[in-house]
Amino acid sequence: MLPAAPYGTSPTGHVWYPATRVQKGIWVLDRDELLRPTQLVPTVVEFSGPVDHAALVTAVGRSLSRHPSLRARFRLDVKRRQVEYTTDGAPAEPGFLDAEAEGWTEEEVDNLVRALCSAPFDLAKDAPARAEVVRLGPERTLLVLNVHHIIFDGVSRGMLLDDIVALYRAVANGAEPLLTTPPHPASVVAERDSDAIAEQVAEVVDRLRGAPAEVRLPFTRTGHEGTEESLLGATVADSLDPATTARIMEIAAREGCTPFMVGVALLAATLARTGPQRDFLIAFAWPGRDDPATADVIGMFMTTVVLRVTVDADDTWHDLLGGVRIAGMEAFVDSDVPLDAVSAALNPDRNALWPPLSPVLVNLDEAPRSLDLVPGTTGRLRPLDPMFIKYDLALFVRLEDTPDGRRLGLSLDYPVHVFGTGEVQDFLNALRRSAADLATFPENPVLEESVRPHATAPAVDLDDPEARLELVRSIWREVLETDEVADDVSFFESGGDSLLLVLLVERLGQVSGREVRTMDLFRSPTVEGQAELIAAAAAPAAAPGAGGDRAALLAAARTQSTGAAR
C-alpha cells in the first residue's frame with residue numbers, strides 16, 4: 001500500500017489531495033441540512049484561575065495555523081467525480097471577547113457559545129475550525145473550539161488541546177515551544193488494493209448476515225421523528241460505586257474484556273432483558289490510527305465498525321463477556337473494511353444518509369475532563385448545549401478515578417424529540433441493574449432478571465440514607481408481596497420465612513451490587529438495619545486462595561492466625 005498522492009497543482013497554485021473514503025461520506029452528509037450539525041465537533045473549556053488572554057489567543061492562533069488539516073478547503077471535482085482537498089488555505093483567526101468589560105450577561109454568553117458550536121462551515125471557503133476566547137471575569141475564561149468532523153476526530157481533539165496548552169505556556173513565558181512539525185495527513189493515508197477490500201467485505205458480510213439491522217429499543221416514539229428537532233440530543237448519566245466497579249473489572253479481566261467490551265455486554269444484556277430481541281448489531285467508533293505515523297497528525301482517521309452480539313437463553317454473564325470479546329476482536333481485525341460496502345450488501349434499502357446497519361452506538365469516553373493550563377489555572381469541559389445526535393441511542397462508557405475510588409460511568413445520548421427522558425432514564429436504571437447482576441452473580445443466566453417478578457427496582461445512590469431505606473423497602477414489598485412495610489419490624493414478624501429470606505438476600509445483593517449474607521440479615525432483621533448493612537457492605541470479592549493459589553492460601557491462613565492471636 002502506498003501513501004495517497006496529490007493530484008497536482010491547480011492554476012491558482014494550490015495542491016489538491018484525494019479525500020479518503022470516510023471524508024467523502026462526511027462531505028455527503030454535510031450537504032444535508034438536517035445532518036449537517038451532527039458533523040461538528042465542538043469543545044467548550046472553562047478555565048478557573050488567572051489567564052493571560054493575549055497569550056491564549058496567540059497560542060490558539062498558532063495551533064490553528066500550524067496543522068495542515070485545520071487549513072483545509074474541500075471541493076468536488078465533477079470530471080473525476082472525486083472529493084478533494086487542499087491545505088494551502090488561510091487558517092482561522094481566533095476571536096477574543098471581554099464579556100465582563102462589555103457588559104455581557106451569562107445568558108448572552110451562553111447564546112454566543114451555542115451559536116459558535118452549531119454554526120455550519122462552508123467547506124469550500126472556510127477554514128474547518130473556529131475559536132473564541134471569552135473573558136468572563138478575573139478568574140473565569142472560556143475557550144470555545146469548533147472543528148468540522150471531516151478533518152477532526154476524538155484523538156485530534158486531545159492533540160489540539162495539548163498543543164494549545166504547550167503553546168500558551170511558551171508564549172506566556174516568552175519562550176519558543178519544542179513542538180515537532182506535524183506531518184501532512186495525506187502522507188499517512190495508504191491506498192488499499194480493491195481486490196483485498198472486496199475479499200474482506202465478503203468475510204464481514206458473511207459474519208453479520210442474518211442479524212436484524214434494527215435494534216428494538218424499549219422506548220415510545222413521540223411522533224417528531226424526521227423533523228429537524230429530532231437531531232437535538234440530551235444525556236442521562238450515572239456511575240457505579242467503586243466496589244461494584246472493581247468487581248466488574250475483575251470479572252472482565254478474567255474474560256480478557258476491556259471497559260468498552262463491558263459496555264457492549266451491558267447494553268446487549270439490558271436490551272435483551274427489556275425486549276424480545278436477542279441478536280444485535282452494535283456500532284462503535286474505531287480510532288483508525290494503527291499506523292504509528294498518525295500519532296502526531298490532526299485529521300479524520302476514525303471509522304465506524306459494527307459487531308454482532310447474541311444473548312442466548314442459557315448464557316451466563318461469563319458466556320456473554322466471552323462472546324463479546326470474540327465479536328470485538330473480529331470487528332477490530334476488520335476495522336478498515338468500508339462500512340458502506342458492508343451495509344449495501346446487508347441492508348440495500350437503507351437510507352444512505354443515516355447510520356448504516358445499526359441505530360445504536362457504544363463508545364469508550366476518553367475525552368479529558370480537566371486541562372491544567374498553568375499551575376493555579378485549571379480548565380474543565382462544559383456539557384454541550386446544544387448537542388446533536390444521529391443515533392437512536394449512544395452509550396458512552398468511562399472509567400474515572402474519583403476521590404473515593406475508580407468508578408465506571410455510564411451515559412446515554414438520545415434524540416430528545418424522539419424519546420422521552422423518563423423512559424431513557426428507566427433504561428439507564430436497567431443498565432445499572434445489569435451491572436449489579438454482573439458484579440454479584442456472574443455465573444447466573446443473563447436473562448434471569450427478565451422473568452423475575454418486580455425486577456425493576458430503581459437504581460439508587462447508596463451513599464444517600466433515605467435512598468437506601470427506600471431501596472430495602474421496595475425489595476421487602478416485592479418479596480413479601482405487600483404494599484405495607486414497617487422500617488422497625490423484623491422480616492419474620494412482617495410475614496417472612498426462611499425461604500423468603502434467601503430470596504431477600506439474593507435480591508438485595510443483586511440490586512445493590514453489595515455482598516449480602518444470610519447470617520447478616522438474621523442479625524439485622526429490620527428495614528433500617530438492612531439499609532445500614534448495605535451501606536457498610538462492599539461488592540463481593542474473590543475468596544482468598546481461589547483457584548488453588550498456594551501463596552494466597554498461606555497468606556490467608558497467616559492473616560487468620562494473626563487475627564485469632566490478638
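Located above this text is the structure these notes cover.
The sections below set out a description of the structure shown in this document. (Residues numbered from 1 in each chain as written. Predicted model: local features only at pLDDT ≥ 70, side-chain atom pairs only at ≥ 80, totals over all residues. Heavy atoms only, no water.)

**Quick notes on helix H8 (residues 317-333)**
Over its 17 residues, H8 runs 24 Å from end to end, which matches the ideal 24 Å to within 8%, given 1.5 Å per residue. Among all positions of H8, only Trp-317, His-318, Leu-320, Leu-321, Gly-322, Val-324, Ala-327, Gly-328, Ala-331 and Phe-332 are buried. Buried residues along H8 sit against helix H5 (194-208), helix H6 (242-254), helix H7 (259-274), strand S12 (279-286), strand S13 (303-310) and helix H10 (421-440). (Helix = DSSP H or I, 4+ residues; strand = E, 2+ residues; numbered from the N terminus. Expected span 1.5 Å × (residues − 1). Buried < 20%, exposed > 50% of the residue type's maximum accessible area, 1.4 Å probe, protein only. Contact = heavy atoms within 4.5 Å.)

**Quick word on the pairing of strand S7 (residues 95-98)**
Examined bridge by bridge, S7 and strand S8 (residues 129-137) share four bridges and lie parallel to one another. Opposite Asp-98, over in S8, you have Arg-135 as the bridge partner. Read from S7 through helix H3 (residues 106-118) to S8, the crossover connection turns out right-handed. (Pairing = 2+ DSSP bridges. Right-handed = clockwise from strand over helix to strand, strands pointing away.)

**Some points on the nonpolar core**
Of all hydrophobic cores here, the largest spans 57 residues; its most connected members are Leu-267, Ile-282, Leu-307, Leu-320, Leu-393 and Leu-412. If one sorts the elements of this core by residue count, H7 sits on top with eleven residues. Among all residues touching Leu-412, those that are not within four sequence positions of it are Ala-234, Thr-235, Val-236, Leu-393, Ala-394, Leu-395, Val-424, Phe-427, Leu-428 and Leu-431. (Core = buried A, V, L, I, M, F, W, Y, C linked by side-chain atoms within 4.5 Å.)

**Digging into the side chain of Ser-69**
Here Ser-69 lies in the loop between helix H2 (53-66) and strand S5 (73-77). Separated by 2.6 Å, the side chain of Ser-69 and the backbone oxygen of Ile-298 make a polar contact. (Polar contact = N/O pair within 3.5 Å; in protein donor to acceptor, adjacent residues only side chain to side chain.)

**Looking at helix H11 (residues 465-480)**
An α-helix turns once every 3.6 residues. As a result, residues three or four positions apart point the same way. Here H11 contains 16 residues, and its C-alpha end-to-end distance of 22 Å stays within 8% of the 22 Å for a straight helix at 1.5 Å per residue. Within H11, twelve of the 16 residues are buried, which leaves the element mostly enclosed by the surrounding structure. Directly after H11, the chain includes Glu-481, whose backbone phi takes a positive value near 55 degrees.

**Remarks on the packing of H5 against helix H9 (residues 339-346)**
Close contact between H5 and H9 brings their axes to 10 Å; oriented N to C, the two are set at 50 degrees. Between H5 and H9, the crossing angle belongs to the class labelled oblique. Every pair of crossing elements has a handedness; the one defined by H5 and H9 is right-handed. Along the contact surface, H5 presents Val-201, Val-204, Val-205 and Leu-208, while H9 presents Ala-341, Val-342, Ala-345 and Leu-346. Of the residues assigned to the contact of H5 with H9, the class counts are eight nonpolar, no polar and no charged. (Axes fitted to C-alpha atoms, helices over the stretch in contact; angles between N-to-C directions. Parallel < 35°, antiparallel > 145°, perpendicular 65-115°, else oblique. Left-handed = near helix turned anticlockwise from the far one by under 90°. Nonpolar A, V, L, I, M, F, W, Y, C, P; charged D, E, K, R; others polar.)

**As for the sheet that holds strand S9 (residues 140-148)**
Pairing is mixed in the open sheet, where six strands are placed in the order S7-S8-S9-S4-S16-S15. Each edge of the sheet is formed by a strand with only one pairing partner; in this case those strands are S7 and strand S15 (370-374). Direction aside, neighbouring strands of the sheet carry axes that sit 20 degrees apart on average. Direction of pairing for strand S4 (residues 40-48) relative to strand S16 (residues 377-381): antiparallel, over a ladder of four bridges. The residue bridging Phe-47 from the neighbouring strand is Gly-379, located in S16. Lying over the sheet, H3 contacts S4, S7, S8 and S9, oriented at roughly 20 degrees with respect to S9. Helix-sheet contacts for helix H4 (residues 154-172) involve S4, S9 and S15, and the interaxial angle to S15 is about 15 degrees.

**Let's talk about the pattern of salt bridges**
Following the criterion strictly, the structure yields 34 salt bridges and no others. As a salt-bridge pair, Arg-75 and Glu-84 come within 2.5 Å of each other at their nearest N and O atoms. The class of Arg-75 is partly exposed, set by a relative accessible area of 33%. Here Asp-334 and Arg-207 are joined by a salt bridge, their closest N and O atoms 3.0 Å apart. Of this pair, Asp-334 sits in the loop between H8 and H9 while Arg-207 sits in helix H5, placing them 127 residues apart in sequence. Among the residues examined, Asp-334 registers a relative accessible area of 9% and is labelled buried. (Salt bridge = Lys/Arg side-chain N within 4 Å of Asp/Glu carboxyl O.)

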